[in-house]
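Chains, contacts and geometry: an overview
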Amino acid sequence: KCEPQATHSSQRPPPAMRLSIALATGAAGGLVDGFRPPCTPLNVVSPYQSVWSCSDNLYDSFPQHWTGSTVGMFGMVAVDGKVFRYMGAAGHGAETTVTQKSVVVKPTTTLYRFEAGGIELDLQFTSPSIGLDADIVKSSRPITHVTWTAKSLDGKDHKVQVYYDNSAEGAVNTDLQKVYWTRPLPLPATPQPVTSKAGHNLKPGTCDIANFKVDQGQCAELCSLHQECKAFVTNSDTCFLKSCGTVDDVVPEPGTTASFQSGSKGATNMTVMQLGASSQEPLGQKSDSINWGWWLVSAAPQAGQHSAMASDSTCRTAFESARYFNLTDDTSGPRAASDKWPVVSLAWDLGAVGAQGASRHAILSYDQYQAQRFFGTDMAPLWRTSWGSAVDLLAAAEDAREQDLADTAAFDEELIANVTEKGGSKYATLLSLVYRQVVGGTQAVWNPILKQPWAFMKEISSDGDVSTVDVVYPAFPMFQYLYPEYFRKLLMPILVYGNNETKIYGQDIPYNLAWAPHHLGTWPVCDLIPSKQEQMPVEESGNILIMLAALYKEQGDLSYLTNYFPMLDSWADYIVGSLPDPGNQLCTDDFEGPSPHNTNLAAKGMVALDAYAQLVEGRGDKAKADKYRGYAASFVANWTQAAADGDHYRIQFNLPNTWSQKYNILYQRVLGLNTFPDSVIEAEEAFYQTKLETCGVPLDNRHPYTKSDWSLWSASMGNQQQFQAIVDALFHFANVTTSRVPLTDWYDVQKCTQQGFRARPVQGGLFAKMLVPMKLDIEYI
């Protein structure tokens, strides 16, 4: 990554340095003790692998996908023969529960603490999604390390056994789908024939079928065996039965145990179990819950360990009655996910546990084997460029476990310290809560055409679109602060689409609009015809120009934009032609209803022109840069007169006695621009304080609801007292709301309840304060 030029980084240190500032200066970080998240992240890595607990106690209900659908994760602990439930809903086993003493949410890690029968049980979920710029492949691994630690509290030794299981609900769209449960075989170092259930000889090669590797010719052979199935998915990487109700010929026998002979020390005799639909169509559906791929649970050999795949009642009853460690696998599948609820389960007999304690661990993962279809080309998850199968990935993850835990602990500590120093403990608590939500709204892939990594972001819970620009934009502050290069990779598909470069991917869909794209398609398929997009011309064009200018500030690099400057110039010129009043255009807040002559949208266009001037000047065209700065200055002069409304500024140029948050001016502060007079910002910030309600400042005068991302953008332009007042209100909302969903960004500030949306990556906008140059912070305190 290029180091930022001195002129770009003089007021704020570059990304690689920021996470060491607080420790180097002796600043201490801390979270608010006793914070109750509306939902707590457990296994949150990507839009499909996104599991949360949305109850006060982990044992009050089953965990759930961000959509609210159940993901049947269940846990019990036996202490001196008495069995307690620590995870999952009542009525499904172990009716006596442990007592939850605390839950702490850090950026990468959630730690629960329970007590029961004289012992303390800690349960830790750690998703090592860090270092997205330093090592994008490693950071993209779809894994969550789970650690159980038990110790005596009363000075006595206690016999302790720990149990975990999960159903197939996380791997299907509905629980009526038939599922298989298997123990996937490893890939041998030297290819050897593998005999399928039907007796066919399958040789490892290039075609991945449920973690078997077979060559392309044998893919065709397998397809020919099922004449009743008319359609199959077959390409250079994968071969899957598309519509058959069986994959008997290509999955391992249920109950088969694999022993690994690779060079990975973690792989030897490793337990790996998986659950997935029996009929799979990768990338074939556009729902929020996946119905292809495999939910995996793995564990390295540990003392007292046993695993079993059977019905939930069989496994749980066996554990409760002290028969689990002799339990064998159910080999009867497939059947519906809700038919006697097949589960994969693990348990450990820890023996006599004293004050020193005992620990065991496992890994949760999801292998979706294809991640995106970009205008005809399927793109695999990026991790598959380094590991040929999920089994290989899990073996490597086991080897890396101790380093992962050390790295994430250091990352969490330093990020919390930095954020606390900048905005206080409530601010740090909020940002810790949303970190996995934001990263988990993206997916890194391998682009086989350009031979490089790309990334995409899902518009979670609103439209389900791919890389919606006015969702990407509010999420941007976290990535600008931590991972600007990852974000550049996320913008590339949008630039490629806008620049008419989709033909080489298989679909030639000309982008023929004068402004920037709105999105790319419906997740996980990019195939949008431009005329079908929601048209937000100034909104999206301004968003792209501002984000590119901010990336230039961070990276000091414009080389990747060489072929895109003509397109960007045209978008800047479109903005010029749309101002000073954008007329009846839509903006990102269209959920509020029409808002023609929108002053905040106009402000975005003006800041965007000023920001784009930095890019133009960076490429050596000062005359053109001065032209865009001149346009911005003339438009602002008009704006300050036409939008004035006493002690603040209007929501629309034509509506007196109105107001709105002018969050779009934020990037003036971030980029060190002088687009609007300071007096405009100061007047607006003072006015917002007069509108502060119990849980925040409304977005404008029309409704009593707000957006958390935009509110923190607005707050970050104010002085420290003004900023803290809005942070306190948002923290109060998160801590008390009865809307138990992964933190919503759209909520009622009077009732403190969700208005709409959940789990969206736009919460990356909460990092806005971290982008305001330190010099400005000092001036405004």
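Residues numbered from 1 in each chain as written. Predicted model: local features only at pLDDT ≥ 70, side-chain atom pairs only at ≥ 80, totals over all residues. Heavy atoms only, no water.

1. Describing the overall build of the protein
Along its length, the protein carries 19 helices and 32 strands. Taking all 781 residues of the protein together, 64% fall into the buried category. (Helix = DSSP H or I, 4+ residues; strand = E, 2+ residues; numbered from the N terminus. Buried < 20%, exposed > 50% of the residue type's maximum accessible area, 1.4 Å probe, protein only.)

2. Quick word on the nonpolar core
Core analysis: the biggest nonpolar cluster contains 212 residues, and Y86, I544 and Y667 have the highest contact counts within it. For this core, the element with the highest residue contribution is helix α13 (residues 599–618), accounting for 12 residues. Contacts of Y667, omitting those with residues within four sequence positions, involve Y473, F476, P477, Q480, I546, A550, V607, L673, W713 and L771. Grouped together as the second largest cluster of nonpolar side chains are 17 residues, V83, Y163, C315 and Y324 included. (Core = buried A, V, L, I, M, F, W, Y, C linked by side-chain atoms within 4.5 Å. Contact = heavy atoms within 4.5 Å.)

3. Notes on the packing of α13 against helix α14 (residues 622–642)
A pair of packed helices is characterised by two quantities: the angle between their axes and the separation of those axes. Following both chains from N to C, one finds α13 and α14 inclined at 160 degrees, their axes separated by 8 Å at the closest point. Judged by the angle between their axes, α13 and α14 are roughly antiparallel. For α13 against α14, the interelement crossing comes out left-handed. In this structure, α13 uses T599, A602, A603, M606, L609, D610, Y612, A613, Q614, V616 and E617 to contact α14, whose residues at the interface are K622, K624, A625, Y628, R629, Y631, A632, F635, V636 and W639. Across the contact of α13 with α14, the residue classes break down as 14 nonpolar, 2 polar and 5 charged. (Axes fitted to C-alpha atoms, helices over the stretch in contact; angles between N-to-C directions. Parallel < 35°, antiparallel > 145°, perpendicular 65-115°, else oblique. Left-handed = near helix turned anticlockwise from the far one by under 90°. Nonpolar A, V, L, I, M, F, W, Y, C, P; charged D, E, K, R; others polar.)

4. Thoughts on the sheet that holds strand β2 (residues 50–53)
The strand order across the open sheet built from 3 strands is β1-β2-β3, with neighbouring strands paired in antiparallel fashion. With one partner strand each, in any of the chains shown, β1 (40–44) and β3 (64–65) form the two edges of the open sheet. Packing of helix α8 (residues 425–439) onto the sheet brings it into contact with β1 and β2, and relative to β1 it is tilted by some 30 degrees. (Pairing = 2+ DSSP bridges.)

5. Digging into the pattern of salt bridges
Taken as a whole and assessed by the stated rule, the structure comprises 30 salt bridges. Between D407 and K138 there is a salt bridge; the shortest N-O distance is 4.0 Å. Linking D407 in helix α7 (residues 401–423) with K138 in helix α3 (residues 136–139), this pair joins segments that are 269 residues apart in sequence. Under the relative-accessibility criterion, D407 is labelled partly exposed at 29%. A salt bridge links R488 to E485; its shortest N-O distance comes to 2.9 Å. With R488 and E485 both in helix α10 (residues 484–498) and 3 residues apart, this pair spans about one turn of that helix. (Salt bridge = Lys/Arg side-chain N within 4 Å of Asp/Glu carboxyl O.)

6. Remarks on the confidence of the model for the protein
Fine structural detail should not be taken from predicted coordinates in areas where pLDDT scores are low. For the protein, mean pLDDT is 87; residues scoring 70 or higher make up 84% of the total. In the model, residues 1–29 has pLDDT below 50 throughout and makes 67 contacts with residues more than four positions away in sequence or in other chains. Segment residues 187–266 is flagged for pLDDT under 50; beyond a separation of four residues in sequence, or across chains, it makes 175 contacts in the model. (pLDDT = per-residue confidence, 0-100.)

7. Describing the pairing of strand β22 (residues 342–353)
Burial analysis of β22 places 9 of its 12 residues in the buried class, which makes it a mostly covered element. Bridging between strand β10 (residues 158–167) and β22 involves 10 bridges; their strand directions are antiparallel. Across the sheet, K159 pairs through a bridge with A352, a residue of β22. Note: strand β20 (residues 305–311) against β22, 7 bridges, orientation antiparallel. Within β22, the residue paired with M309 across the bridge is V344.

8. What about a nonpolar patch on the surface?
Taken together, the side chains of I449, L450 and I504 make up a nonpolar region of the molecular surface, amounting to roughly 250 Å² of accessible area. For I504, the position within the fold is in the loop between α10 and β28 (521–522). Judged by its relative accessible area of 53%, I504 is exposed. (Patch = residues over 30% accessible without salt bridge, like charges linked within 9 Å, V, L, I, M, F, W, Y side chains within 5 Å. Areas by Shrake-Rupley, 256 points an atom, 1.4 Å probe, with all protein chains shown as cover.)

9. Some remarks on unusual backbone geometry
Both trends apply: most residues other than glycine have a negative phi, and most peptide bonds are in trans. Following W523, the chain continues to P524 via a peptide bond in cis, the omega torsion being 10 degrees. Positionally, P524 belongs in the loop between β28 and β29 (525–526). Residue L579 is joined to P580 through a cis peptide bond whose omega torsion reads 15 degrees. Examined against the element boundaries, P580 turns out to sit in the loop between α12 (565–578) and α13. Of note in the backbone geometry, D80 takes a positive phi value of approximately 55 degrees without being a glycine. When you line up the elements, D80 lands in the loop between β4 (73–79) and β5 (82–87). Of note in the backbone geometry, A759 takes a positive phi value of approximately 60 degrees without being a glycine. Checked against the element boundaries, A759 lands in the loop between β32 (753–756) and α19 (774–780).

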